[in-house]
Amino acid sequence: MSEDKKPVIKKIQSTGPMRALMGEYFMELDEAAKTGSAKVAWCTSVGPAELLRAFGFLVYFPENHGALLGSSRLASDLIPAANALGYSPDICSYLTSDVGSYLKKQTPLSRAFGMETVPKPDVLAYNTNQCRDVQDWFSFYQREFDVPLVGVDTMRNVGDITKDHLDGLVGQYKALVPVLEEVTGTRLDLDRLREVIRSSYQCTLGWKKVLRIAEQAPSPITFFDGTIHMGPAVVLRGDDRAVAYYETLSAELEARVADGVAAVEDEKWRFYWDGMPVWGKLRDHAEFFGARKACVVASTYCNSWIFEDLAHDDPFEGMARAYTELFIVRNEEFKERYLTNMVRDYGINGLVYHDSKTCPNNANNRYGMPQRLARKLGLPYVVFQGDLNDLRMYSEEQTRTQFEALVEQLHEQA
Ligand code: SF4
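Quantities reported herein were computed from a predicted structural model and do not represent experimental measurements.

Focus on the overall build of the protein
Here's step 1: When helices and strands are tallied, the protein shows 17 helices and 8 strands.
Here's step 2: Rg of the C-alpha trace for the protein: 21 Å, near the compact-globule value of 22 Å for 414 residues, within the 12% margin.
Here's step 3: Projected onto the principal axes, the alpha-carbon positions of the protein cover approximately 65 × 45 × 40 Å.
Here's step 4: Every one of the 414 residues in the protein was classed for burial, and the buried ones make up 50%.
Here's step 5: When contacts within the protein are restricted to residue pairs at least 6 apart in sequence, long-range pairs at least 24 apart make up 77% of them.

This is the structure:
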């Protein structure tokens with residue numbers, strides 16, 4: 001996409017405080033792992049983070065590391081090391097790039113924060129709400145580090161969430177407690193859990209507000225900005241610093257709206273992005289769409305860190321609900337309704353579906369949904385083949401042609 005006249009990508013000023021906060025977060029983990037000043041838990045991205053934090057763990061998220069491996073473009077060189085161990089090139093490339101990073105002792109955290117390695121875990125906690133890969137991923141580290149592995153096994157393809165679903169899940173959350181008590185040598189303090197959940201819920205509200213500001217036309221933020229600024233909502237939910245950060249960011253975006261500052265100059269088209277980002281191509285994609293006055297204003301991905309059911313009176317039921325009501329857990333009917341509402345709310349002109357080779361869980365084009373939605377909504381769409389981290393699965397030329405065709409279709413219809 002290099003021959004495009006590059007549009008100016010407008011820098012969000014809050015990026016500075018966000019990077020400082022992420023730096024603080026990693027330095028605390030590094031310190032804890034080196035000195036033993038706090039226990040470290042590894043958690044899947046939509047795993048039981050609040051419960052872990054209530055026990056005083058510092059929480060590290062390997063998927064966040066996976067995204068860093070993708071955006072730093074180290075992933076494609078590291079994946080073969082995991083493949084050689086029997087982890088197929090067809091399974092989650094966060095998993096294979098992260099395991100490759102461990103095997104080859106290379107991490108982007110060294111360059112970014114001077115960390116020699118990722119922080120070693122005292123416990124590993126997963127939730128299969130997003131996929132089975134996370135369980136296999138953490139099982140690898142369980143064997144490597146010989147620490148307890150705990151998890152919640154969530155059903156997938158769920159329509160309505162029923163009492164039967166919830167009873168089983170609440171039981172599973174409660175079953176994590178004795179193991180975490182054993183690892184930390186402390187009892188669960190329910191008041192502390194409620195405090196952490198309250199903070200996490202405030203973070204959800206702040207992050208949702210940021211994403212919803214993009215309903216404004218022109219939008220002051222793009223999906224590509226969102227993938228960067230979601231960092232605190234992923235790794236620091238339950239910590240008040242994340243709440244404060246989203247106040248800063250939303251104030252900046254509201255000021256942009258008041259001043260008529262658009263993320264994409266002369267915004268003409270508004271797109272929805274379904275599926276994973278291509279981490280190693282974020283900037284290229286932002287520039288491609290920006291050059292065509294198209295703003296990708298909303299996405300399934302960025303909205304995945306909104307957990308409104310945490311507000312429930314009972315903390316265990318709140319967690320069980322919040323981590324099961326997610327888009328990725330739900331059936332096609334729910335997803336179609338959800339996308340239909342997003343198209344309406346954000347004034348979408350066209351949809352981009354990323355068929356991510358190694359993450360079928362986050363690809364929603366494989367069972368006819370783009371075609372059904374196109375018939376229903378009368379909007380053009382494109383499905384492109386790629387991957388979140390493995391750039392060997394991505395064709396620059398083909399993707400560019402497909403994106404171009406989508407924009408041209410809109411011009412023709414206008
Ligand atoms: S949801 Fe997809 S990207 Fe995330 S861990 Fe699972 S397979 Fe990997």
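As for the pairing of strand 1 (residues 40–43)
Two faces make up the sheet, and in a regular strand the side chains alternate between them.
Here's step 1: Side-chain alternation along strand 1 places Val40 and Trp42 on one buried face and Ala41 and Cys43 on a second face that is also buried.
Here's step 2: With helix 2 (residues 49–54) bridging strand 1 and the parallel strand 2 (residues 58–60), this β-α-β connection has right-handed handedness.
Here's step 3: Sheet topology places strand 1 next to strand 3 (residues 123–127); 3 bridges connect them, and they run parallel. Looking across to strand 3, one finds that Trp42 is bridged to Leu124.

Observations regarding the pairing of strand 6 (residues 294–299)
Here's step 1: Among the 6 residues of strand 6, 6 are classified as buried, and the element is accordingly described as predominantly covered.
Here's step 2: Across 5 bridges, strand 5 (residues 269–274) lies against strand 6 in parallel orientation. Across the sheet, Arg270 pairs through a bridge with Cys295, a residue of strand 6.
Here's step 3: Following the backbone out of strand 5, through helix 13 (residues 282–291) and into the adjacent parallel strand 6, one traces a crossover that is right-handed.

Some remarks on the packing of helix 3 (residues 62–71) against helix 5 (residues 93–104)
Here's step 1: Put simply, helix 3 and helix 5 touch, their axes get as near as 9 Å, and they point 85° apart. The orientation of helix 3 with respect to helix 5, classified from their angle, is roughly perpendicular. Along its contact with helix 3, which presents Pro62, Glu63, His65, Gly66, Leu69 and Gly70, the element helix 5 presents Tyr94, Ser97, Asp98 and Ser101.
Here's step 2: Considering only residue class, the contact of helix 3 with helix 5 consists of 3 nonpolar, 5 polar and 2 charged.

Re the site of the ligand
Here's step 1: In the vicinity of the ligand, the contacting residues are Glu63, Cys92, Tyr94, Gln130, Cys131, Asp133, Val134, Cys359, Asn361, Asn362 and Leu388.
Here's step 2: The residue makeup of the shell around the ligand, split by class, is 6 nonpolar, 3 polar and 2 charged.
Here's step 3: When we break the shell around the ligand down by domain, the ones giving at least three residues each are domain 1 (15–188) and domain 2 (193–413).

Let's talk about the sheet that holds strand 1
Here's step 1: If you trace the 4 strands from one edge of the open sheet to the other, you get 2-1-3-4, paired in parallel fashion. Looking along the sheet, the strands with just one partner apiece sit at the ends: strand 2 and strand 4 (149–152). Strand-to-strand twist of the sheet, defined as the mean angle between neighbouring strand axes without regard to direction, takes the value 25°.
Here's step 2: Bridging between strand 1 and strand 2 involves 3 bridges; their strand directions are parallel. The partner of Val40 across the bridge, within strand 2, is Leu58.
Here's step 3: Running at roughly 160° to strand 4, helix 8 (residues 163–184) makes contact with strand 3 and strand 4 of the sheet.

A word on the domain arrangement of the protein
Here's step 1: Partitioning the protein into domains gives domain 1 (15–188) and domain 2 (193–413).
Here's step 2: The distance between the C-alpha centroids of domain 1 and domain 2 comes to 22 Å.
Here's step 3: Each partner contributes residues to the interface: domain 1 has 47 residues there, and domain 2 has 43 residues.
Here's step 4: Elements with a minimum of two residues in the side of domain 1 that touches domain 2: helix 1 (15–35), helix 2, helix 3, helix 4 (75–84), helix 5 and helix 8.
Here's step 5: Looking at the side of domain 1 that touches domain 2 residue by residue, the classes come out as 26 nonpolar, 15 polar and 6 charged.

Concerning the sheet that holds strand 6
Here's step 1: Reading across from one edge, 6-5-7-8 is the order of the 4 strands in this open sheet, with parallel pairing throughout. The two strands at the open ends of the sheet, each matched to only one other strand, are strand 6 and strand 8 (381–386). Averaged over all pairs of adjacent strands, the angle between strand axes in this sheet comes to 30°, irrespective of strand direction.
Here's step 2: Bridging between strand 7 (residues 350–356) and strand 8 involves 6 bridges; their strand directions are parallel. Each bridged residue has a counterpart across the sheet, and for Asp355 the counterpart in strand 8 is Gln385.
Here's step 3: Across the sheet, helix 15 (residues 332–346) lies against strand 5 and strand 6, angled at about 155° from strand 5, the strand it touches most.
Here's step 4: Helix 17 (residues 396–413) rests against strand 5, strand 6, strand 7 and strand 8 of the sheet, and its axis sits at about 175° to strand 8.

Observations concerning unusual backbone geometry
Most peptide bonds are trans, and most residues other than glycine sit at a negative phi.
Here's step 1: With an omega of 0°, the peptide bond running from Ala217 to Pro218 counts as cis.
Here's step 2: In this model, Lys105 sits at a positive phi of 50°, which is unusual for a non-glycine residue.
Here's step 3: On the basis of neighbour count, Lys105 is assigned to the exposed category, with 9 C-beta atoms found within 10 Å.

Description of the nonpolar core
Among soluble globular proteins, nonpolar side chains are generally buried collectively.
Here's step 1: Ala41, Leu52, Val59, Ala125, Trp207, Phe271 and Val296 are the most contacted members of the largest nonpolar core, which has 125 residues in total.
Here's step 2: The leading source of residues in this core is helix 9 (residues 190–213), at 8 residues.
Here's step 3: Taken domain by domain, this core gets at least three of its residues from each of domain 1 (15–188) and domain 2 (193–413).
Here's step 4: Not counting residues within four places of it along the chain, the set of residues in contact with Trp207 comprises Met230, Ala233, Tyr246, Trp305 and Ile306.

What counts as what
Residues numbered from 1 in each chain as written. Predicted model: local features only at pLDDT ≥ 70, side-chain atom pairs only at ≥ 80, totals over all residues. Helix = DSSP H or I, 4+ residues; strand = E, 2+ residues; numbered from the N terminus. Rg over C-alpha atoms; globule rule 2.2 N^0.38 Å. Buried ≥ 20, exposed ≤ 12 C-beta atoms within 10 Å, placed from the backbone. Contact = placed C-beta atoms within 7 Å. Right-handed = clockwise from strand over helix to strand, strands pointing away. Pairing = 2+ DSSP bridges. Axes fitted to C-alpha atoms, helices over the stretch in contact; angles between N-to-C directions. Parallel < 35°, antiparallel > 145°, perpendicular 65-115°, else oblique. Nonpolar A, V, L, I, M, F, W, Y, C, P; charged D, E, K, R; others polar. Near = placed C-beta within 6 Å. Domains from an automatic or database assignment. Core = buried A, V, L, I, M, F, W, Y, C linked by C-beta atoms within 7 Å.

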